[in-house]
Amino acid sequence: MTWHRIRLIAAREARAERGQPDGIVSAATFVATLILVESLAVGPLAASQPAVASALFWIAMAFAAILATSRSFERELEDDAIDAVLALPGGRDALYAGKAVALTALIASVAVAGGALSLLLLSLDVALPGHLAIVAVAGVLALPPVVVLFVVLALRLRSRGALVPILVLPVLVPQLVAATNGTAAAASGDATGAIAWAGLLIAFALVYSVLGLTIVATALE
Amino acid sequence: MNSTAALRAATVVLGDRAILRGFDLEIHPGVTVVRGPNGSGKTTLLRALAGLVPLSHGAREAPARTLYLGQRPGLLRGVSARDNLRFLASFRGVPADGVGPALASWGIAAGTATRPVETLSAGERRRAGLARIDVERCDLVLLDEPFGDIDDAAAAQLLRTIRVLAGERRSVVIATHARFELDPGANEVVHLSPPG
């Protein structure tokens, strides 16, 4: 596996998303709708609490990541495009890593839009905006390695549309807890807490990236 | 004669069904035709040679430069035929500047080649997929029902391409129901029977 090949897969994914932008459009629409509905469900006072607002945001982001990743692999299965990559030497590892890179970029753009909407809609005051940005970046990095791995594991299952969220959400709970607590810490002025949670998120990203690269070649057979 | 690829005592199980059982096959330079009724395992055999299905038992030997063209074109939707082929060429480390001429030789004009593949007809997508043979220049070319969806002119070109590849001492394995004119020039015709 080389960076060159990962970059090629990521660029191919970006091209496909530009040609058929249903992944990013559906993820962004879903995040906006979910944040709006959840904030209405818990009420404006509760929704503007840092812990609640953070949880609403990251739950929406987790679902958006699953949605965008699933759509990306559905596109690969149409016309058996994935076979052309899997048959290439080094194609399996590069597919995992390249998809994770491309989907990180996609999820980052959805997070920017969803974060701005949350701040505006819930009238949130953020005590430490710089720390919030660090936690957000770490949270965005932590999601794709897990989600891409589980979508790959479920790729040959007929009921993968229903199974992927059931399989991946329990595994994402630690990341969601860390991202929620880190975001709440940054919003309420706890710099040490925000950095600690961001560090944990980076550790999750590294662990799942290594795990994914280790098992994905076998999983894709 | 040295073989380009081989399956040795290969067993492939899909679901609860053994599609290939203890199967031996050596592929030599030239043309190998695989024949058999529906469900006899032609596609599975080619996918096993390409490394796209795992072997339950046995071993697979194949060159790194193996090209598998399945029954569908294998091109990513949302991306043009030109960019699909450029990506595959770059991934293999072969020059991507041969993509335009290769697509043109298969009747895909420059304007068509830059459109997203989902806007092309089935035949155009198939021909764009076949242009990978010229771009990637692989030592082993696996073609699964390559004459489906293409018109007579493209079929004639495919037959010419197969003869050229065989003349260059490359190995071509073709799974097909039709095109019996391939058999006399083939190194070997493999007949598969449906698994019992």
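Residues numbered from 1 in each chain as written. Chains lettered and ligands numbered in written order. Predicted model: local features only at pLDDT ≥ 70, side-chain atom pairs only at ≥ 80, totals over all residues.

1. Observations concerning the environment of serine 80 of chain B
Here serine 80 of chain B is to be found in the loop between strand E5 (66-69) and helix H2 (81-92). Excluding its chain neighbours within four sequence positions, the residues that come into contact with serine 80 of chain B are Ala113, Thr114, Arg115, Pro116 and Val117 of chain B. (Helix = DSSP H or I, 4+ residues; strand = E, 2+ residues; numbered from the N terminus. Contact = placed C-beta atoms within 7 Å.)

2. Observations regarding the nonpolar core
Formed by 133 residues in total, the largest nonpolar core has its most connected members in Met61 and Ile107 of chain A together with Leu142 of chain B. Broken down by element, this core gets its largest block of residues, 16 residues, from helix H7 (residues 129-153) of chain A. In this structure leucine 142 of chain B touches Leu46, Leu49, Ala50, Thr66, Leu67, Tyr68, Leu69 and Val173 of chain B, once residues within four positions along its chain are discounted. (Core = buried A, V, L, I, M, F, W, Y, C linked by C-beta atoms within 7 Å. Buried ≥ 20, exposed ≤ 12 C-beta atoms within 10 Å, placed from the backbone.)

3. Considerations on the sheet that holds strand E6 (residues 140-144) of chain B
Residue and element names in this part refer to chain B. Spatial strand order, E5-E6-E7-E3-E8: 5 strands in an open sheet with parallel pairing. The open sheet has two edge strands, E5 and strand E8 (188-191), and neither has a second partner. Across the sheet, the mean angle separating the axes of adjacent strands is 15° when strand polarity is ignored. Pairing geometry for strand E3 (residues 30-35) and E8, over 4 bridges, is parallel. (Pairing = 2+ DSSP bridges. Axes fitted to C-alpha atoms, helices over the stretch in contact; angles between N-to-C directions.)

4. Regarding the interface of chain B and chain A
The interface is formed by 23 residues belonging to chain B together with 21 residues belonging to chain A. Of all the secondary-structure elements, those providing two or more residues to the side of chain B that touches chain A are E5 and H2 of chain B. Sorting elements by how many residues they give to the side of chain B that touches chain A places H2 of chain B first, with 6 residues. For the side of chain B that touches chain A, a count of residues per class yields 13 nonpolar, 6 polar and 4 charged. (Nonpolar A, V, L, I, M, F, W, Y, C, P; charged D, E, K, R; others polar.)

5. Digging into the environment of proline 89 of chain A
All names here are of chain A. One can find proline 89 in the loop between helix H5 (81-86) and helix H6 (91-121). Given 15 C-beta atoms within 10 Å, proline 89 falls into the partly exposed group. Through-space distance from the C-alpha of proline 89 to that of alanine 68 is 26 Å; in sequence the pair is 21 residues apart.

6. Some details on the confidence of the model for chain B
Taken over all residues, the pLDDT of chain B has a mean of 92, while the share at 70 or more is 98%. In the predicted complex, the global pTM is 0.91; the interface-specific ipTM is 0.90. (pLDDT = per-residue confidence, 0-100.)

7. A closer look at the pairing of E6 of chain B
For a regular strand, the rule is simple: side chains alternate between the two faces of the sheet. All names here are of chain B. With respect to burial, E6 is a largely interior element, 5 of its 5 residues being buried. Burial of the side chains of E6 extends over both faces: Leu140, Leu142 and Asp144 are buried on one face and Val141 and Leu143 on the other. As judged from the 4 bridges shared by E5 and E6, these two strands associate in the parallel manner. Bridge pairing in E6 links leucine 67 to valine 141. Across 5 bridges, the pairing between E6 and strand E7 (residues 171-175) is parallel. If you follow leucine 143 over to E7, its bridge partner there is isoleucine 174.

8. So, the environment of glycine 182 of chain A
Residues and elements named next belong to chain A. Mapped onto the secondary structure, glycine 182 falls in helix H8 (residues 160-188). Linking glycine 182 and glycine 193, residues 11 residues apart in sequence, is a C-alpha distance of 6.5 Å. Leave out the neighbours within four places in its chain, and glycine 182 touches Val135, Ala194, Trp197, Ala198 and Leu201.

9. Structural notes on helix H9 (residues 191-219) of chain A
Residue and element names in this part refer to chain A. Along its 29 residues, H9 runs 40 Å from first to last C-alpha, staying within 8% of the 42 Å computed at 1.5 Å per residue. Roughly 30° is the biggest bend found in H9, and it falls at leucine 213. All buried positions along H9 are accounted for by Ala194, Trp197, Ala198, Leu201, Phe204, Ala205, Tyr208, Ser209, Gly212 and Val216. Looking at the buried side of H9, the elements it contacts are H6, H7 and H8. (Expected span 1.5 Å × (residues − 1). Bend = angle between axes of the 7 residues up to and from the residue.)

10. A closer look at the pairing of E7 of chain B
Residue and element names in this part refer to chain B. Burial analysis of E7 places 5 of its 5 residues in the buried class, the great majority of the element. Alternating positions in E7 separate into two faces, Ser171, Val173 and Ala175 on one and Val172 and Ile174 on the other, with burial throughout. Following the backbone out of E6, through helix H7 (residues 152-167) and into the adjacent parallel E7, one traces a crossover that is right-handed. (Right-handed = clockwise from strand over helix to strand, strands pointing away.)

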